[in-house]
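Listed below, chain by chain, are the residues.
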Amino acid sequence: MDQTVTLNNGVTMPIIGFGVFQIPDDQTQAAVEAALEAGYRHLDTAASYGNEEAVGAAIAATGLPRDDLFVTTKLWIQHAPAGSVEDDTVRAFDASLRRLGLDHLDLYLIHQPLGDYYSEWRAMQRLHADGRIRAIGVSNFHPDRLVDLIEHNEITPAVNQIETHPFHQRTADQELMRERGVQLESWGPFAEGRNNLFTDPVLSTIAEAHGRSVAQVVLRWLVQRDVVVIPKSVRPDRMAQNLDIFDFTLTDDQMKQIATLDAGDSLFFDHRDPAMVSALGSRRID
């Protein structure tokens, strides 16, 4: 199985990456260095995570060629702009790049569909045109907002990173994204262990049949659906295990069994507005 996907602008993206959400800043550098040592070449962070500098330090410490890496970070909501939202977006981008110690990004995402994200997108389109970002996309966009953004702007988002796991499978969203040329990327692939994911009878039976862990089955299920995924761990053994999913295949029947787990709703947000995050407030990250 191909271990990459090709985005709508021809950029190639590894289908599995390493996420650093909720990894404490003082542990992030060591975790990212271990992930790169394990073989990850796709890293996912965000301005709001507060650990971009540590990710950048890990990249520098390993000495890997920049072209071997695919690095994503995300733009936080530009509340109370100092100038215009477009100008502040460029400043926020520059600040993220500086913290990462890089001269360009492979993927830059609008983190939430809140605030004046139209102005943010216009600024990101300019940064893309200037060659400072290889691909631009969004995160946590529901279909209506995604389609609206596509219909009224020059560039179609290359990626939409959304909550996707066995209990919230996003099959209809994925079909719409396929039609529109947008790659689905999963955050929270293990549902942070909610609904007893790691001991779920369906997943456990399938894992036993393959001699694999439940985590490996979940990741394999996602990549067989052509979903990009960014599992997180601070344990090198689990990092390696999460990468080791390309030498077995779930059967059609097993894929159907996992499909029965879909409850069709978020496990993290109010279903009426899954883009809302309690920590939004009005803080600036730049």
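What counts as what
Residues numbered from 1 in each chain as written. Predicted model: local features only at pLDDT ≥ 70, side-chain atom pairs only at ≥ 80, totals over all residues. Heavy atoms only, no water. Pairing = 2+ DSSP bridges. Helix = DSSP H or I, 4+ residues; strand = E, 2+ residues; numbered from the N terminus. Buried < 20%, exposed > 50% of the residue type's maximum accessible area, 1.4 Å probe, protein only. Polar contact = N/O pair within 3.5 Å; in protein donor to acceptor, adjacent residues only side chain to side chain. Contact = heavy atoms within 4.5 Å. Arc of directions from axis to C-beta. pLDDT = per-residue confidence, 0-100. Right-handed = clockwise from strand over helix to strand, strands pointing away.

**Examining the sheet that holds strand β6 (residues 105–110)**
In spatial order, the strands read β3-β4-β5-β6-β7-β8-β9-β10; together these eight strands make up an open sheet with parallel pairing. Each having just a single partner strand, β3 (18–19) and β10 (228–229) make up the two edges of the open sheet. Where β3 and strand β4 (residues 42–44) come together, two bridges link them in parallel fashion. Each residue of the ladder has a partner; that of Gly 19, found in β4, is Asp 44.

**Describing the side chain of Gln 216**
In this fold, Gln 216 is placed in helix α8 (residues 214–224). Owing to a relative accessible area of 5%, Gln 216 belongs among the buried residues under this scheme. A polar contact is formed between the side chain of Gln 216 and the backbone oxygen of Asp 244, at a distance of 3.2 Å. Apart from residues no more than four positions distant in its own chain, Gln 216 is found in contact with Gln 241, Asp 244, Ile 245 and Phe 248.

**What to know about helix α10 (residues 252–259)**
Of all the residues in α10, the buried ones are Gln 254, Met 255 and Ile 258. One side of α10 carries all its buried residues, which in axial view fall inside an arc of 100°. Across from the buried face of α10, at angles greater than 90 degrees, the exposed residues are Asp 252 and Lys 256. Those residues of α10 that are buried are in contact with α7 (201–210) and α8.

**As for the confidence of the model for the chain**
Residue-level pLDDT values for the chain average 93, and 94% of them are 70 or greater. This stretch, residues 272–286, has a pLDDT under 50; its non-local contacts, to residues over four places away or in other chains, come to 34 contacts.

**Some remarks on α7**
Of the positions making up α7, those classed as buried are Leu 203, Ile 206 and Ala 207. Viewed end-on, α7 has its buried residues packed into an arc of 100°, placing them on one side of the element. Among the exposed residues of α7, those oriented more than 90 degrees off its buried face are Pro 201, Thr 205, Glu 208 and Ala 209. Tucked into the core, α7 has its buried residues touching α8 and α10. One side-chain oxygen of the residue at the start of α7 lies 3.0 Å from the amide nitrogen of Val 202, identifying that residue as Asp 200.

**Let's talk about the pairing of strand β5 (residues 70–75)**
When you tally the buried positions in β5, you get six out of six residues, the bulk of the element. Direction of pairing for β4 relative to β5: parallel, over a ladder of three bridges. Note that in β5 the partner of Asp 44 across the bridge is Thr 72. Crossover β4 to β5 through helix α2 (residues 52–62) is right-handed. Across four bridges, β5 lies against β6 in parallel orientation. Its bridge partner lying in β6, Lys 74 is registered against Leu 109. This β-α-β element, β5 to helix α3 (residues 85–100) to β6, shows right-handed connectivity.

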